[in-house]
Amino acid sequence: MTASGTLTAPDVAIVRRPRRLRGVWLLGALGVLGLLTVASVMVGSREVGLDDIVAALGGSVDGFDEAAVAKRIPRTVLAVIAGAALGMSGAVMQGVTRNPLADPGILGVNLGASLAVVIGLAYFGLSSATSFIWVAIAGAAVAALFVYTVGSLGRGGATPLKLALAGAATSAALASFVTAVVLPRNDIAGGVRSWQIGGVGGASFDSTLQVLPFLLVGFAICFLSARGLNSLALGDDLAAGLGERVAIARGAASLGAVVLCGAITAVTGPIAFVGLVVPHACRLLIGVDHRWLLPFSAVLGAALLTGADIIGRIAARPGEVDVGIITALIGAPFFIYIVRRQKVRAL
Amino acid sequence: MNASTVHASTATTDVPTQRREITADTVASSRRRRATRRRAVMAVLGALIVVCFAITLMVGQTFYPPADVIGVILGHDVAGATFTVGRLRLPRAVLAVLVGLCFGIGGVTFQTMLRNPLASPDIIGISSGASAAAAFAIVTLSLGEAQVSAFAIVAGLVVALVVYGLSFKSGVVGTRLILIGIGIAAMLDSVTAYVLSQAAEWDLQEATRWLTGSLNGSNWAQVVPVLVALAVLGPVLVGQSRNLSMGQLGDDTASALGVRVERSRIVVIIAAVGLIAFATAATGPIAFVAFLAGPIASRIVGPGGSLLIPSALVGALLVLVADFCGQFAFDTRFPVGVVTGVLGAPYLIYLIVRTNRAGGSL
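Residues numbered from 1 in each chain as written. Chains lettered and ligands numbered in written order. Predicted model: local features only at pLDDT ≥ 70, side-chain atom pairs only at ≥ 80, totals over all residues.

Novice: So what exactly am I meant to see when it comes to the environment of Cys52 of chain B here?
Specialist: Residue and element names in this part refer to chain B. Tracing the backbone shows Cys52 in helix 3 (residues 24–58). Residues Cys52 and Pro295, spaced 243 residues apart in sequence, show a C-alpha to C-alpha distance of 21 Å. In this structure, Cys52 is in contact with Leu317, Leu320 and Val321, ignoring residues within four places of it in sequence. (Helix = DSSP H or I, 4+ residues; strand = E, 2+ residues; numbered from the N terminus. Contact = placed C-beta atoms within 7 Å.)

Here is the structure:
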């Protein structure tokens, strides 16, 4: 929405109006996230009361209910931080590329991480979680760089259309390679397939703790680049005129986004569309100032992923639907809506 | 294919000749040259298909000399060869050629109609729709082969209409349709992923084989529906090829030239989706064949004239060669879809790079 076109009066109103309310919105979003977190521990194929949760938090795993809680807590924690990471990296990517369709899933970044992990698994016998995270971040970075280069070739730079197409094509290509790597390896095929759907079901505190430092670094880089993103939103020339070092600002912000989505992909598998939907909703509520937009995207992303995970557990009781499937079913219609809203000329 | 850029480049190279006088003679002779080239290319492609077809029949775990193969085809009883060639290799090779023709012609139809090489059924969700339906039919409903095909075909058509309908906003613009197709494909793929995650081990095997696109286990029962579809729908599309090339000039020009744009478009969509869906139902979505055939054909045939038949031939050749490579070129036997996927992926990216460089709006 900030990307192209002249601002009309209503647009300006949308940008201005929220300023007074954004603190309220942020608190409200945090409240919703809190409620969803509690619900995520309570709801599932077995309903658990609050007293059992308190007991389980105290370390007791005696009853079925407490055992269920002990399984749901790490999963909820992972859903919250994964959603926060994806939401924020989506917001940063949309800011860096000034592109309303940017999302780690659509731009092929998640699949870059996937391919890197799969190759590591199949040919280099990687097994430690930390090595997966490094490999995934490297794969994500290569894919992001590649897609951005391909998408910005030619006249007009990286238009939304060219980037989205380059991303989709790269994703298709990477998916073929993943199949080719995995198919002859029966020993890893099953594990890779379940990882590839993208879910938080197999969460453990161990893997979460290992990815946490990477995520903290990513969050920090993103927060620090918020001001730079605000200048970039004005266009490269104007940003340079305001004293911003455009290339550095863009590079730093991209690095933060790539670290976030690469690291989280290593743990959860590729989860698409969270990074697409969340920043749009945030901009409607609190405006386009990245200093507010980024944290708000993180909170709302966490809420979305936790909510999607709850839906996945309720919808297919007693089984469950992986959260990556739910986010695709929610996010793809939203993607289509944004595409339809774009002007034909811009497309 | 990629008509705008192709025409643009010829226009610039033709500038000097245009300064000279363009007489009826020069136009006619250049037309004649192009027609000759087209015929030559098609003849070469046809010959290559025949050669590859013969090689796939002869070469394998055991080699059978041409005499044996011909004997089997004529219905004689040849020890060993009757089973290996007659029951295993022949249906496989025939199916490879037929689905290659279907994918090639169906893909190039979409690419021509939407004036964009990316608008192939692989990318705009039609294959994903057929795959999701087939996975559902195999895993959840445990249906037999024929019903799975029917499911895939209906789903392919429905998805094509939904994508077309969603991208309609005072006319359909190719790029909007492609992006919306990508979105729909993402949804359908996640449905497929869910269905597969619920599958029992034995269903999973069949479903995965199907989803990668494979010619393993081809039999005559699979060949017949594809053959019928090709015989019925192929001529329909070839008959519409003039309207298709007029459509490339833009809807307004086409209707000024006497094409009933919307009606012709509906016929073309149904016929092309039908071909794709029947072929997909038989072998699964063989990655990127529908996408690659058109651009390759356009490269070797050059501008002017319809690309339908050359692309069909290129498609058949691609599937034949890729299947042969998948079977014998590596330690593991890969399904044909993996080979075409790995070959096609870099080409897809190259195509985007080239179009972006040329400054085309895609």
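Novice: What should I look at first to understand the environment of Phe278 of chain B in this one?
Specialist: Residues and elements named next belong to chain B. Structurally, the position occupied by Phe278 is in helix 13 (residues 261–283). Spatially, the C-alpha atom of Phe278 lies 7.0 Å from that of Ser149, the residues being 129 residues apart in sequence. With residues up to four places along the chain from it excluded, the contact list for Phe278 reads Cys102, Ile153, Pro225, Val226 and Ala229.

Novice: Which parts of the structure should I look at to understand the nonpolar core?
Specialist: Where a protein is soluble and globular, its nonpolar side chains tend to be buried together. Membership of the largest hydrophobic core comes to 225 residues, with the highest contact counts inside it found for Ala136 and Ala263 of chain A together with Val99, Cys102 and Leu275 of chain B. If you tally residues by element for this core, the top one is helix 5 (residues 81–113) of chain B, at 16 residues. Other than its neighbours up to four places away in sequence, Ala263 of chain A contacts Ile133, Ala136, Ile137, Val211, Phe214, Leu215 and Gly218 of chain A. (Core = buried A, V, L, I, M, F, W, Y, C linked by C-beta atoms within 7 Å. Buried ≥ 20, exposed ≤ 12 C-beta atoms within 10 Å, placed from the backbone.)

Novice: When you look at the interface of chain B and chain A in this model, what are you seeing that I'm missing?
Specialist: Taken together, the contact between chain B and chain A spans 35 residues of the former and 36 residues of the latter. For the side of chain B that touches chain A, the secondary structure elements donating two or more residues are helix 8 (174–197) and helix 16 (336–357) of chain B. No other element matches the 13 residues that helix 8 of chain B contributes to the side of chain B that touches chain A. Classifying every residue of the side of chain B that touches chain A gives 23 nonpolar, nine polar and three charged. (Nonpolar A, V, L, I, M, F, W, Y, C, P; charged D, E, K, R; others polar.)

Novice: What is the right way to look at the packing of helix 13 (residues 274–286) of chain A against helix 14 (residues 290–315) of chain A in this model?
Specialist: For any two helices packed against each other, one specifies the crossing angle of their axes together with the interaxial distance. Residue and element names in this part refer to chain A. In the contact formed by helix 13 and helix 14, the axes pass within 9 Å of each other and the chain directions differ by 125°. By the angle between their directions, the pair helix 13 and helix 14 is classed as oblique. Between helix 13 and helix 14 lies a crossing of right-handed hand. Contacts between helix 13 and helix 14 involve Val274, Val277, Val278, Pro279, Ala281, Cys282, Arg283 and Ile286 from the former and Trp292, Leu293, Phe296, Ser297, Leu300, Gly301, Leu304 and Leu305 from the latter. Among the residues forming the contact of helix 13 with helix 14, the class breakdown is 13 nonpolar, two polar and one charged. (Axes fitted to C-alpha atoms, helices over the stretch in contact; angles between N-to-C directions. Parallel < 35°, antiparallel > 145°, perpendicular 65-115°, else oblique. Left-handed = near helix turned anticlockwise from the far one by under 90°.)

Novice: Just checking my understanding: could you explain the environment of Ser218 of chain B for this structure?
Specialist: Residue and element names in this part refer to chain B. Structurally, Ser218 can be placed in the loop between helix 9 (201–212) and helix 10 (220–239). Its 23 C-beta neighbours within 10 Å are what place Ser218 among the buried residues. Sequence separation between Ser218 and Leu313 is 95 residues; the distance between their C-alpha atoms is 21 Å. Among residues more than four places away in sequence, those in contact with Ser218 are Pro91, Arg92 and Leu95.

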